[in-house]
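Chains, contacts and geometry: an overview
Okay, here's what each chain looks like letter by letter:
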Amino acid sequence: QVQLVESGGGLVQAGGSLRLSCVASRRTFGVYTMGWFRQAPGKEREFVAIISASGGSTSYADSVKGRFTISRDKAKNTVFLQMNSLKPEDTAVYYCAADPQYSRYAHNYDYWGQGTQVTVSS
């Protein structure tokens, strides 16, 4: 079973930065695509960013391109989401996810963390 735990969320002013972390099960981390998704109240869970198992491929939602960066550290079994130039519309619960496939669709992911709240004030 793949287990994921996120951290790093919090309250930040618009224009500020946050760095989210997700620690994954060491046994399976290296063979899974890792993704970040977010969900605001009353909204669908939406794609934010993914990174391939090797770390060689990344993909971003248009809404975060140029502002967010996904990366992974295999030695630490951790995936990161560096979020810069944050906007109030980035406010959501951010979820870490893992799946053997390289996918931008939340419904394809089998494993999820508990989520971490990101709130961006105006």
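As a starting point, this report considers the structure included with it. Every value quoted in this text rests on a predicted model; they were computed, and no experiment measured them. (Residues numbered from 1 in each chain as written. Predicted model: local features only at pLDDT ≥ 70, side-chain atom pairs only at ≥ 80, totals over all residues. Heavy atoms only, no water.)

Looking only at helices and strands, one finds 0 helices and 11 strands in the chain. When its helices and strands are written in sequence order, the chain yields β-β-β-β-β-β-β-β-β-β-β. Relative to a compact globule of 122 residues, whose C-alpha radius of gyration would be 14 Å, the chain shows 13 Å and is just as compact. A principal-axis box enclosing the C-alpha atoms of the chain has dimensions of 40 × 30 × 25 Å. The proportion of buried residues among the 122 residues of the chain is 47%. For the chain, contacts bridging at least 24 residues in sequence account for 58% of all contacts bridging at least 6. Only carbon and sulfur atoms are counted for the fraction: they give 45% of the accessible area of the chain, which is about 6,300 Å². (Helix = DSSP H or I, 4+ residues; strand = E, 2+ residues; numbered from the N terminus. Rg over C-alpha atoms; globule rule 2.2 N^0.38 Å. Buried < 20%, exposed > 50% of the residue type's maximum accessible area, 1.4 Å probe, protein only. Contact = heavy atoms within 4.5 Å. Areas by Shrake-Rupley, 256 points an atom, 1.4 Å probe, with all protein chains shown as cover.)

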